[in-house]
Every structure is written in structure tokens, then in C-alpha cells.
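What follows is each chain in one-letter form.
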Amino acid sequence: MSDITIALIGLLVLFFLMILRMPISFSMFIVGFAGLLTVASPKAAFSVLTGDLWNQFSSYTMSVIPLYILMGEIIFRTGVTESLFKAAYKWVGHLRGGMAATVVLASAGFAAICGSNSATAAAMGTMALPELKKYKYDEKLSTGSVAAGGTLGIIIPPSTVLLVIALQTEQSVKQLFVASVIPGILLTLLFLLTIFFLCMKYPEMGPAGPVSTFKEKMVSIKGVFPTLLLFIFVIGGLYKGWFTPTESGAFGAFGAMVISLAMGKLNFSKLSASLFGTLKSSTMVLTLVISAMVFSRFLTITRLPYEVADWTAALHVPSLIILLAILGIYILGGALMDALGFLIISIPIFYPTVMALGYDPVWFAVLLCIVTSAGAITPPVGVTVFVVKGLAPETPVMSIFKGAGYFLVAYAVLIALLIVFPGTITFM
Amino acid sequence: GGRSESGKAESDKPIKLTYAFFAPANTFPAKQMEKWKEEVEKRTNGKVQVELFPGGTLLTDKNMYDGVRDGVADIGLSCPTYEPGRFGLIGISDLPSGFPNSKVSSQVFYDLVREFPPDALKDYKIIAAFATEPAHLMTKKPVKSLDDLKGMQIRISGALTPVLRDLGATPVGMGMAEVPEALQTGIIDGLVSSREVLKDLKLAESLKYTTDYPLTVTSFIAVMNKDVWESLPPDVQKVIDELGPEMARWTGEYHDNHVQEALKWSAREYGLQVVTLSEEEKAKWDAKLKPLQDKLVKDLKAKGLPAEEYRNRLYELKDKYSRK
Amino acid sequence: MANPDERLIPLESKTKLTKRGLLGYLDLINVYINKSLAWIAGISLLLMVFVVVANAVSREVYKPFIGTTELVGWLAAIALAFGLGFTQLQQGYVEIDALVEHFSPLLQRIIKSIMLFLSACFFFMVSWKMVSYAINVAENGNVSETMKIPFYPLIYLVALGFTGLTLALFVDFVKEVVGRAGDE
Ligand code: NA
Ligand code: NA
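This structure is a prediction, so every number in the text was calculated from the model and none was measured. All residue numbers here refer to positions counted from 1 along the written sequence of the relevant chain. By the order in which they are written, chains take letters starting at A while ligands take numbers starting at 1. Two thresholds apply to this predicted model, a pLDDT of at least 70 for residue-level local features and 80 or more for giving and counting side-chain atom pairs, whereas whole-chain, interface and lining totals are computed over all residues. Water and hydrogen atoms were dropped before computing side-chain values, which therefore reflect all heavy atoms in the structure.

Draft legend 1. Structural detail: the overall build of chain C. Secondary structure counts use DSSP, requiring at least four H or I residues in a row for a helix and at least two E residues in a row for a strand, with both numbered from the N terminus. Scanning chain C from terminus to terminus reveals six helices and zero strands. Listed N to C, the secondary structure of chain C is α-α-α-α-α-α in terms of helices and strands. Classification of the 184 residues of chain C by burial places 52% in the buried group. What makes two residues a contact is simply this: any of their non-hydrogen atoms within 4.5 Å. The contacts in chain C between residues at least 6 apart in sequence include a share of 76% that link residues at least 24 apart. Surface exposure of chain C reaches about 8,500 Å², of which carbon and sulfur atoms provide 70%. Burial classification: accessible surface area is computed with a 1.4 Å probe over protein chains only, and a residue below 20% of its type maximum counts as buried, one above 50% as exposed, and the rest as partly exposed. Throughout, the Shrake-Rupley method with a 1.4 Å probe supplies accessible areas, and for residues the shown protein chains are the sole cover considered.

Pasting the structure below:
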């Protein structure tokens, strides 16, 4: 049996285990391990598994995820976010879907300081989901908004994905970051349009609240100050160079503790609940990321991703078709495996092909980033969807995929726009 | 990897070798892999086929050598010093020794590894060894003296910590990915590394000065799983053995050219300036750094390793290859 | 939101429900061990915050602590490993239930038992192999890059974390087989 056949069987088994309700991270661990065992040897499989587990468990870069979740947990459990969302409700609650729109806007703001989609989804989800529930928002819409909003984390700079692409294609990190600002804003607007369109069609998804008086609006702002202060501190500290993006998670959590302590809202039981809540969601997210990595190692060793890439690069058809085929493969890759792992494997193969077709390097990099980040909300492996699931255990995971699915339309529109009007990115 | 197909390979079926590395395909050690693949496949008339896995997709810097031992890949390329404590003597040649470039450091290192094979690699076949050019200070403000350097926050990686500390700078540890932003926001004032990063990571945008004083080198060793090596036919083994010293020279030259290109590009695009130390100042730096190597030699000698011999040979070889 | 803990399953009450016979004791041990590990994990999480913040402050006013990234990585390893079993108690691992929920209760139980057993075996093996890995690292003489500290004891802790997860999965498996009907 060839290694490629084994890879395809592995994908099939993975799919079966997942739909038979084996936790997704466990499925990827087990199939990845069994695959390595088959293709290489038991010794090799154990070597990869133990090495990856230790190295990823003790990775400084990954530790930022629990820190962002902790920040969100503390400000949520101490009720600080409640006043923030109350204020937002007074201002936009009378609009259908206004609160979901608020979540998307807040995600965009958060994405401007955070380079990771799972961290953005984690931070926003912890704060927003319980509030949206209170305002009787449809769970598909609210979880979908958070999951899709989370993907803004890697489109709006800073972005870990753009960083990897820049390093691999020898482009300027700064230039890529600048180039993705406009697409990031466009996508945010398209997300807002998606929400308003949905709520126009199905008013019960994001019910309109009562109209507030001007006075009520002004009074509500008072409660916003603590959170605003924290936001200014975290964003300002980043731009001032007080701390690095990785450190901002810790400062966010620390600041949240200080603020809620000063307001007399933090006590021991709330702190321990925040810690346990953080533990639960971050363990879930990080095991997913690591299991995706082990599974990617299996696919890599069979060389399936390389074969697919070679095959596409060798197609004799018009350049736009090749480009679309490549983007299609990235969508598929993003659906099936760890997005970063897939980028690292495929960029050396696809990038020269796309350059040979005469496309702009910056434009392609940004497009790639957008396509890959859409993978975070496509089934079966959707990182931000899983993060949201961790924060909303009572919502079925397929409902979240469905809710996030509405936003894939926005993605499709954006990608089409960027292909038809490449100047949106390259004018810079 | 290590899929033992190589063992029972028939004469008409190509022998497949998998070769892993932790850094991306566009870095110079990965170019070395490509060259090695090309040469091996050519010189064995296609009898051997090499599959490359750069970018840490199979094994990373943390588990490369263990992974080759366990048969995840047949060949693995890594930096021994990324796993400190495991490769005693190599630390000596990594510390500042005044190498002029990578061509010299690579050839010296290859010979040293042949003459003093690391105990930790005795169960492997060493197929390549080379080193970077010496790391240099790259800073936002010119560093002409130890006084200029005093208190500057400089990004370093592992082995450089004591070097920078002894020169009076404040070493900062952070991932390379965070460097561009940390430079922009002023969290760090510069970094120490081989100088191709000026162009490859576009760091010349903020780093306008580099001080012409050679610091540590980073050495690389590629090893093959011993069982796989023993399963190879003698003619293939011969080709691989012949390639060892050739690759050290080739890689050194390739890396040096790449660095020179990066320096020219940075000077042209961003006005990079090379700061030269006065003889008197240079002597001061030497005096600060020499004790580091002395101390390491003493410590390793106490552990029963031939550290003295290693260092003497290091300087002999350095002179030999510098003269050429 | 009346109860801020809504998203955490209260563990004590769950224990009382099943506190009968051997299974009850098994469950008690399971909850006790994994909850203790979770406490240590929570403290590690807090320490991570303080270490990162203290380092950045110290860098601004004096100089940074060079081993920060290593120390934070190790704390993260403890937090993550010791949170593994707790997350299983909390039923925190994401699964896709869209298909299985249409099956008969008996079939659901059979499938669930198989999956739990398979997972428990797998993570038992992982715990055991992590121990071999720790021994290997200790024998290699590996020390950390910056602080030059041997880090293999932490790998034992990660192995312990996986043991906690194995225990939690095993207890869930036994409960699934014996049947929780009596409890509900
Ligand atoms: Na971002
Ligand atoms: Na996906």
C-alpha cells in the first residue's frame, strides 16, 4: 500500500471517529499517531508524539492564549463587561442585530492588538456570549459572530499568519501588515452587512430592544470606563513599547485583576472560578492545536500535501484557473489540518508558481492569509469555532459552524473583490 | 523516514532517504540540503532519491536528533547547541574565536567534528557539518565602544547570553518573530545574529549600524540514522563521505555571499553603516571575551574531555583555512 | 447572569450522586486527584501572569530577567498538563454530536463506551511514554538554553497530567458501561 493511500485512509478514519463523537483533538492525536506508526515505525511515532507534546506544552508563544482567556474571564466574572454591554445595548440595542454587530466591531478592535484568531475568539467570546444570551440573541448568530469575528485576529494586523508568510516568502512584515489593513476593514464591514441582512430577514435572530433616551445613553457610558481604561492600557502599552504583543495578554489579565480589585468586584471565589474557567477553555484549545500538529506530521510524512501541490503546479490551464485551484487547495487544507502547518509545507511549492504566473507577491500573501483564516470557521476542523464551543458548551458544535457559515459569504465576497480589484491591496 | 525500504532495496528500485530540518526552505542550511540532494542524486545516477522536509514540518530544533535516532527521518540537520548540555566540546568553537567568515568557520568545524566526534552522536553517521558566519551586533545607534553598548537591550538567542552580558549589554530573550515589532516600539535597541537577517527579515528598516566585531558562530551538524547508513551500498556510502568536506566549503561560500549581498542591499536601500572598532577598543573587547572560552575549556577539562586539544586544534585550523 | 459559575460543572454534587460502592470511591479519587491538579494548574496560570508582568516592568526600570521565556513555558506546561483531567471532568473537549444524537440510547452508549475506552488506552500509553521520554532527556543531559537548568522533572509532571486524564477517561468509561441510569 502506498503512503498516499494510507494518508487517504487516515483522513477517512479521522472523519469517522469525529462523527462518532470522539473528541476532535483525541481523534487527531490517535489517527495521527496510528498513521505515523503505519507509515514509519512505532518508535518513530512515539518519538514525534512525546517530542511534540513536551515542546508545545512548554512553548512560550502558545502561553499567550490562556492569558487572553484569563483576561476575558476576570472581566466577565467580575461583571465589568456587563456594564460595557449594557452601554452598547442603550446605544445600538434598538437596531436589529445591533449587539452582534457590537461583537464584530469589538473583535476588530481586539484584533488590532492580537495576532491570533483563537486568542481573539477566546477573549471576545468569554465576555460577549453570556451577554448576548441575556438579550435573547439566536445562539447561531451570537456564536457565529464571535467565531467569525475571531478570524479577524489574523487578518487585521498584527497577524501570526502574515508573519509566517512574510518570513517564508522573504517579504517585509511591515508591508504585509500595512497591506492587510484595508481588507481587514472591508471584511469587518461585510460581517456587519451579513448580520444586518440576516436580522432583516429573520428578525428573531437579533431582536431589537427598546429605544433609549439620550440621557440614558449618556448615563450608561459611565460604566464603560473601567473596560475602556483596560483597553487603552493594553493598546497604548503596545504602541508605546512597554510590552510585546505576547506580553499584552499577561498585562490584560493583570490589569483586569487590578481594576476589578479596585472596584471591589474581585474576591477569592470569583478569581478561582476565572482560573478554572480559563483552564477548561485553554486546555481544550491548546490540545486541539497540538493534536492538529501531530496529525499534520502524519500527512507530511506521507507527502500527500506535497503531491497535491505538485499536481496543481503542473496543471496546463489559464493562470486564473491555477490561482483558483491553489486557493481551493488552501481552503481544503485549512478545513483539514492546522493552517500554519499547511502554509509552511505549501508556500515553498505554490509561491514560486503563483509568482511565475505574474501575480503580485503582496497581493497573494494577503489573499492567502484571508483564505487560510476562513479555514478557521469551516468544518470539520475549525479552530475559532472550537474555541467558541468551549465557551458555550450547551450549543451544538454544528450550530456554531452553521452560524459561522453565514459569514463565509462575506469571505467569498471579499475574495472575489480582491481578485477582481487587486488594487485594493497593491495601491499602498 | 527510516522505512527500512532502503535495507532491502533491489538494484533497480531507488533508495529513498528522508532529510529533515527545522528552519524554512529559504534559509542557507536548507539550501545546503537542496544542494546535497542534487549532488547525491546526480553522483549515484539516480540510485538514491532524497526527500526534503524543511520548515520543521517533520522534526523541530528540539527533537531533531532524537527523531533521527527513532527513525522519524533518515537524516536530520540541527544545531547541537540548541540542546545545551548534550554536546560538550562544540560549545568551545561556538564562542568568539575570531573567524573571518562562514567559509573558514564551516571548514574548521567540519574537521573538528571529524577529529573530535561528539560522544552524543556516536550512534549516528555524521554526514555534514558547517557553521554560520560569526554573529555581529546590529543596532539602531552606532556602537563604537563598550561604553556605547553599556545597558543597551539586545535580543540574543541561547549561547550568546554570557557574551553579551560580559560586554556590558542587557541581553533580552525573545522569539525571532517578535523582533521586528520589538525594534519598532523600542523594547530592544538591537540584536546579535549573522547578518543576512538585515535583508531576509528586512531589519535594515530599523537597524542602521553594524559593528564589525565577530562574536559567536552557530554550528550545524547533519546526522544519518546508523542502521540506515549501514544498509546503504558501499558506492553510495562513498559518495556521501566525499560530499562531507565539499558541502562544508560550498555552504560556507553560499552563506558568505548571501551575507555580503544583504549588507550591500541594506547599505543601498537603508544606508546601513559598518562601524569599525579602533585597535585599542578591539583589544578591550577581546580581553572581555577571552575568559569565557578559557573558563569553558577549564570546566570541560575537569569533566575529562579533551578541551585543551580541541581549542588548540581550533586555532590551528582557523589559521590554516584563513590563509587559503 | 445570576451564577457566574454557570459554565463550570459543580464537581462535588456529581460525586455525591455516584457515591456508592466501588464506583463511588473510584469517582471520588478521580475528582479529588484531578481537582487538586487543577488547583496547581490555576496557580501556575497566575504565576505566569506575574512573571511576565514583573519581567516587562523590570526591563523598563532596571533590566529584564533573562530566563523569562523558559520559566513561562514551564509554568504553561504545568497549567496545561494539570488541566487535562479537569477538562475531561468538565466535559470540555469538543465533539461533534450531530450524527450520534439520532441513534438509539443503547447504541449511543455502546459507541461512547468504545470511544472512552480507546481514548483511555491511548492516553495511558501517552503517560507511560512521556515517562520514557523524561528518562531519555535526563540521560541525554539536556539543559535549558538560557538558564542551563535540567528540565526533565517537568516532563514527569506532564506525564502525571496525562495520567490524570487517563483516570478521568477510565472512570467515565466504567460509568458508561455500568450505566448511570440509576443516578438520574
Ligand atoms: Na490581529
Ligand atoms: Na476549517
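Draft legend 2. Representation of the overall build of chain B in the model. The secondary structure content of chain B amounts to 12 helices and 11 strands. Atoms considered for the radius of gyration are the C-alpha atoms alone. The globule rule reads 2.2 Å times the number of residues to the power 0.38. Its C-alpha atoms give chain B a radius of gyration of 20 Å, near enough to 20 Å, the size a compact globule of 324 residues would have. For chain B, the spread of C-alpha atoms along the three principal axes comes to 65 × 45 × 35 Å. Out of the 324 residues belonging to chain B, those deemed buried represent 59%. Intrachain contacts of chain B at a sequence separation of at least 6 include 75% that bridge at least 24 residues.

Draft legend 3. Broad picture of helix H20 (residues 383-391) of chain A. Residue and element names in this part refer to chain A. For H20, the buried fraction is high: eight of the nine residues fall into the buried class. Within the sequence span of H20, burial applies to Thr384, Val385, Phe386, Val387, Val388, Lys389, Gly390 and Leu391. Buried residues belonging to H20 abut helix H2 (24-39), helix H7 (117-134), helix H8 (139-151), helix H15 (268-302) and helix H21 (397-420).

Draft legend 4. Focus on the interface of chain A and chain B. The interface is formed by 38 residues belonging to chain A together with 33 residues belonging to chain B. The term buried area means the drop in 1.4 Å probe accessible area that two parts suffer when joined, counted for both and summed. At the boundary of chain A with chain B, total buried surface from both sides reaches about 2,900 Å², with 55% on carbon and sulfur atoms. Counting the surface chain A buries against chain B, the share from its top three residues, Glu170, Arg297 and Arg303 of chain A, is 18%. Note on definitions: salt bridges are taken to be side-chain nitrogens of Lys or Arg within 4 Å of carboxyl oxygens of Asp or Glu. Seen at the junction of chain A and chain B, the total is one salt bridge. Arg303 of chain A is the salt-bridge partner of Glu51 of chain B, the closest N and O atoms lying 3.8 Å from each other. Whenever two N or O atoms come within 3.5 Å, that pair is a polar contact, provided that in protein one can donate a hydrogen and the other can accept it, and provided that, for residues adjacent in sequence, both atoms are side-chain atoms. Inspection of the chain A/chain B interface yields four residue pairs in polar contact (both at pLDDT 80 or more). For the side of chain A that touches chain B, the secondary structure elements donating two or more residues are helix H3 (42-57), helix H9 (160-169), helix H10 (173-179), helix H13 (225-240), helix H14 (245-262), H15 and helix H18 (339-356) of chain A. Ranked by residue count, the leading element in the side of chain A that touches chain B is H3 of chain A, at seven residues. Residue polarity is assigned by list, with Asp, Glu, Lys and Arg as charged and Ala, Val, Leu, Ile, Met, Phe, Trp, Tyr, Cys and Pro as nonpolar; anything else, Gly included, falls into the polar class. Taken together, the residues that form the side of chain A that touches chain B break down as 18 nonpolar, 12 polar and eight charged.

Draft legend 5. Geometry of the pairing of strand S6 (residues 153-156) of chain B. Residues and elements named next belong to chain B. Going residue by residue along S6, you find Gln153 and Arg155 tucked away on one face and Ile154 and Ile156 tucked away on the opposite face as well. With four bridges connecting them, S6 and strand S7 (residues 170-173) associate as parallel partners. Bridge pairing links Arg155 to Val172 in S7. The criterion for strand pairing is that DSSP finds at least two bridges linking the strands in question. Of the pairings in the sheet, the one linking S6 to strand S8 (residues 190-193) comprises two bridges and is parallel in character. Across the sheet, the residue bridging to Arg155 is Leu191, located in S8.

Draft legend 6. Structural view of the packing of H3 of chain A against helix H6 (residues 152-178) of chain C. Only the contacting stretch of a helix is used when fitting its axis, a line to C-alpha atoms as for every element, and angles between N-to-C directions run 0 to 180 degrees. Between H3 of chain A and H6 of chain C, whose axes approach to 11 Å, the crossing angle comes to 105°. When the interaxial angle is binned, H3 of chain A and H6 of chain C end up roughly perpendicular. From H3 of chain A, Leu53, Trp54 and Phe57 of chain A reach across to H6 of chain C, where they touch Leu154, Ile155, Val158 and Phe162 of chain C. Each residue belonging to the contact of H3 of chain A with H6 of chain C can be placed in one class, and the counts come to seven nonpolar, no polar and no charged. What sets the label is the angle itself: under 35 degrees gives roughly parallel, over 145 gives roughly antiparallel, 65 to 115 gives roughly perpendicular, and the rest give oblique.

Draft legend 7. Main features of the nonpolar core. Note on terminology: a nonpolar core comprises buried Ala, Val, Leu, Ile, Met, Phe, Trp, Tyr and Cys residues joined through side-chain atoms within 4.5 Å. One finds Trp54 and Phe57 of chain A, Trp36 of chain B together with Met130 and Phe162 of chain C to be the most contacted residues of the largest nonpolar core, which totals 243 residues. With 16 residues, H15 of chain A is the largest single contributor of residues to this core. Two domains each donate at least three residues to this core, and these are domain 1 (1-58 + 294-302) and domain 2 (59-266 + 303-427) of chain A. Not counting chain neighbours up to four residues away, the residues in contact with Phe162 of chain C comprise Leu53 and Phe57 of chain A together with Leu84, Phe123, Val126, Ser127 and Met130 of chain C. Among the nonpolar cores identified, the runner-up in size contains 30 residues, and Leu121, Leu300, Ala307 and Leu314 of chain B belong to it. As annotated, the domain borders come from an automatic or database domain assignment.

Draft legend 8. Seen up close, the pattern of salt bridges. All names here are of chain B. Taken as a whole, this structure holds 33 salt bridges over all chains when the rule is applied. Among the salt bridges present, the one from Arg69 reaches Asp66, with a minimum N-O distance of 3.2 Å. One end of the pair is Arg69 and the other is Asp66, both in helix H2 (residues 64-69) and three residues apart, which spans about a single turn. For Asp66, a relative accessible area of 5% gives the class buried. Two residues, Glu308 and Arg311, come together in a salt bridge whose shortest N-O distance is 3.4 Å. In this pair, Glu308 and Arg311 are both assigned in helix H12 (residues 307-323), three residues apart and thus about one turn of the helix distant. Assessed through its relative accessible area of 15%, Arg311 is described here as buried. When salt bridges that share partners are traced, they join Lys35, Glu39, Lys42, Arg43 and Glu246 into one network.

Draft legend 9. Fine view of a nonpolar patch on the surface. All names here are of chain A. Together, Val409, Val413, Leu417, Val420 and Phe421 give the surface a local cluster of nonpolar side chains, amounting to about 430 Å² of exposed area. When you line up the elements, Val420 lands in helix H21. Under the relative-accessibility criterion, Val420 is labelled exposed at 56%. Patch membership is restricted to residues that have no salt bridge and whose relative accessible area is over 30%. Joining uses 9 Å for like charges and 5 Å for the nonpolar side chains Val, Leu, Ile, Met, Phe, Trp and Tyr.

Draft legend 10. Representation of empty space enclosed by the protein. Here the term cavity refers to a set of points on a 1 Å grid, laid over the protein atoms alone, in which a 1.4 Å probe fits but cannot get out; the term pocket refers to an open set having protein on both sides within 12 Å along at least five of seven lines, with lining residues being those that place an atom within 4 Å of a point. Grid points are joined across faces, edges and corners, and a volume is the space filled by probe spheres set on the points. Scanning the model with the defined rule gives seven cavities of 30 Å³ or more in all. By volume, the second largest cavity is sized at about 120 Å³. Within the residue set of the lining of the second largest cavity, elements represented by two or more residues are S7 of chain B together with helix H2 (21-61) and helix H3 (68-82) of chain C. Top element by residues in the lining of the second largest cavity is S7 of chain B. It accounts for three residues. Of the residues contributing to the lining of the second largest cavity, the split by class is seven nonpolar, five polar and three charged.

Draft legend 11. Here's a closer look at the side chain of Gln88 of chain C. Inspection of the secondary structure assignment puts Gln88 of chain C in helix H4 (residues 84-89). Judged by relative accessible area, Gln88 of chain C falls into the buried class, the value being 8%. Every residue in contact with Gln88 of chain C, bar those within four places of it in the chain, is listed here: Phe26 of chain A together with Tyr93, Leu116, Leu165, Ala168, Leu169 and Asp172 of chain C.

Draft legend 12. The sheet that holds strand S4 (residues 124-131) of chain B, seen in detail. All names here are of chain B. Pairing is mixed across the open sheet formed by five strands, whose spatial order is S2-S1-S3-S10-S4. Looking along the sheet, the strands with just one partner apiece sit at the ends: strand S2 (48-53) and S4. Direction aside, neighbouring strands of the sheet carry axes that sit 20° apart on average. Where strand S3 (residues 75-78) lies against strand S10 (residues 219-225), four bridges are found, and the strand directions are antiparallel. What sits directly across from Ser78, in S10, is Ile221.

Draft legend 13. Inspection of the packing of aromatic side chains at higher detail. In this analysis, rings of Phe, Tyr and Trp, with Trp reduced to its six-membered ring, are considered paired at centre separations within 6.5 Å, and the interplanar angle assigns stacked below 30 degrees, edge-to-face beyond 60, and tilted for intermediate values. In the structure shown here, the tally under the stated rule is 41 aromatic pairs over all chains. Measuring from ring centre to ring centre gives 5.0 Å for Tyr213 of chain B and Trp285 of chain B, while their planes differ by 50°; the resulting arrangement is tilted. Taken as a pair, Tyr213 of chain B in the loop between strand S9 (209-211) and S10 and Trp285 of chain B in helix H11 (residues 279-302) lie far apart in primary sequence, 72 residues in all. Seen from their ring centres, Phe122 of chain C and Phe123 of chain C are 5.1 Å apart, and the 80° between their planes marks the pair as edge-to-face. Neither residue differs from the other here; Phe122 of chain C and Phe123 of chain C are each classed as buried. Taken together, Phe26, Phe29, Phe33, Phe46 and Phe57 of chain A together with Tyr93, Phe122, Phe123 and Phe162 of chain C form an aromatic cluster joined through their ring pairs. Counted as over-ring charges are cases with an Arg CZ or a Lys NZ within 6 Å of the ring centre that also lie within 35 degrees of the ring normal. The ring centre of Trp128 of chain C lies 4.8 Å from the NZ or CZ of Lys129 of chain C, which sits over that ring.

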